[in-house]
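A closer look at the structure
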Amino acid sequence: MDTDITESWPPPLRLRRSLKAKYLRISISATNEVELVVPRGATKADALDFLNSKKPWVLKQLKKNADKVIVPPLPEHHWPFTLNFRALNMRYALQYKITSASHIRISMVDEYTLMISGPLLEPQAIFHALKKWVKKQGQWYLPIMLNELSVQIGLGFSGVSVRGQKSRWGSCSSKGAISLNYKSLFLPKALCEHVIIHELCHTVHLDHSSRFWGLLTEHDPKTQLHREQLKQGDQFVPGWL
Ligand SMILES: [Zn+2]
């Protein structure tokens, strides 16, 4: 945490030697940068004595500015400006609005635009809100994709959950319950489908035997290529997730 500039003495300051100045002078900027202008012949000790003699005025000035200081918004490069759900062929532009609301809210402006509004001061808070929103999208769309592919290739499953696993795209239990990673929304469609078909094939073979790979290749002829591409799958997922 920053030290409160209005409570420490002497405040952080800059000494500037000036050949033109005739007297010692203190200037305080709107953002509370304190500068001591020191004319020729005056020493640093003179300057500090002068500052001390003006202490009440300086503190009053600093306090006045501090009350007015507007916390600058987060630098824009921290903010994601698109969400590209490649698996769904959906791409959102993100817009931001700082409001006095107590929580960050994400709402749809139209089918291509999301508005993130609220107290947007902490990058982590923005990422947290976005993450929650993306996870909800995954929980909605990935089971739909799973159902469609299940019907298409004729392999059933007993249940589905969508979570934010750290190091896997999906898994399948011995009872045929499939778990998918919501981050797979960011994978190209063919790769996301490959992940889902992989898990559906585990409902038949719960291992990585040659029979399993045989079945998977039957339902996804590009299995070799997709396995290779999936090794670099993380590159599609935003770093803040
Ligand atoms: Zn597997």
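These figures come from a predicted structure and were not determined experimentally.

The next subject is the overall build of the protein chain. A count of helices and strands for the protein chain gives six helices and ten strands. What you see for the protein chain is a C-alpha radius of gyration of 30 Å, clearly larger than the 18 Å of a compact globule of 241 residues, by over 25%. Classification of the 241 residues of the protein chain by burial places 19% in the buried group. In the protein chain, the share of contacts with a sequence separation of at least 24, taken over all contacts with a separation of at least 6, comes to 46%.

Attention now moves to the nonpolar core. Counting 26 residues, the largest nonpolar core has Leu 180, Cys 192 and Ile 196 as its most contacted members. Of all the elements in the fold, those that place two or more residues in this core are helix 3 (123-153), strand 10 (177-181), helix 4 (189-202) and helix 5 (210-219). Among the elements that take part in this core, helix 4 stands out by supplying seven residues, more than any other. Not counting residues within four places of it along the chain, the set of residues in contact with Leu 180 comprises Leu 142, Leu 146, Val 160, Val 162, Gly 170 and Ile 196.

So, about the sheet that holds strand 4 (residues 82-85). Pairing is mixed in the open sheet, where four strands are placed in the order 4-5-7-6. Among the strands making up the open sheet, the edge pair consists of strand 4 and strand 6 (105-110). On average, adjacent strands in this sheet sit at an angle of 30° to one another, irrespective of strand direction.

The next subject is the pairing of strand 1 (residues 13-18). Counting buried positions along strand 1 yields zero of six residues, so the element is predominantly exposed. Bridge count between strand 1 and strand 3 (residues 34-39): six bridges; the pairing is parallel. Residue Leu 15 lies in a different strand from strand 3, and its bridge partner there is Leu 36.

A separate point is the packing of helix 4 against helix 5. Across the interface, helix 4 lies against helix 5 with an axial gap of 9 Å and an inter-helix angle of 135°. It follows that helix 4 is oblique to helix 5 by the angle criterion. For the element pair helix 4 and helix 5, the recorded crossing hand is right-handed. Packed against helix 4, whose contacting residues are Ile 197, His 198 and Cys 201, the element helix 5 presents Phe 212, Leu 215, Leu 216 and His 219 at the interface. For the contact of helix 4 with helix 5, the residue count by class is five nonpolar, two polar and no charged.

We now examine unusual backbone geometry. Look at Asn 89: it is not a glycine, yet its phi comes out positive at around 55°. Looking at where Asn 89 falls in the secondary structure, it is placed in the loop between strand 4 and strand 5 (90-98). Given 9 C-beta atoms within a 10 Å radius, Asn 89 is considered exposed.

On to the domain arrangement of the protein chain. As far as domains go, the protein chain holds domain 1 (13-68) and domain 2 (76-236). Each of domain 1 and domain 2 was reduced to a C-alpha centroid, and the two centroids are 57 Å apart.

Looking now at the sheet that holds strand 10. Taken together, three strands build an open sheet; the order of strands is 8-10-9 and the sheet is mixed. One side of each edge strand has no neighbouring strand; the edge strands of this open sheet are strand 8 (159-163) and strand 9 (170-172). Going from strand to strand, the sheet's axes swing by 15° on average, the running direction of each strand aside. Here strand 8 runs beside strand 10; their pairing, made up of five bridges, is parallel. Paired with Gly 159 across the strands is Ala 177, a residue of strand 10. This element, helix 3, spans strand 8 and strand 10 of the sheet and lies at about 140° to strand 8. On the sheet, helix 4 packs against strand 9 and strand 10 and is oriented at approximately 15° with respect to strand 9.

Cut-offs applied
- Residues numbered from 1 in each chain as written.
- Predicted model: local features only at pLDDT ≥ 70, side-chain atom pairs only at ≥ 80, totals over all residues.
- Helix = DSSP H or I, 4+ residues; strand = E, 2+ residues; numbered from the N terminus.
- Rg over C-alpha atoms; globule rule 2.2 N^0.38 Å.
- Buried ≥ 20, exposed ≤ 12 C-beta atoms within 10 Å, placed from the backbone.
- Contact = placed C-beta atoms within 7 Å.
- Core = buried A, V, L, I, M, F, W, Y, C linked by C-beta atoms within 7 Å.
- Pairing = 2+ DSSP bridges.
- Axes fitted to C-alpha atoms, helices over the stretch in contact; angles between N-to-C directions.
- Parallel < 35°, antiparallel > 145°, perpendicular 65-115°, else oblique.
- Left-handed = near helix turned anticlockwise from the far one by under 90°.
- Nonpolar A, V, L, I, M, F, W, Y, C, P; charged D, E, K, R; others polar.
- Domains from an automatic or database assignment.

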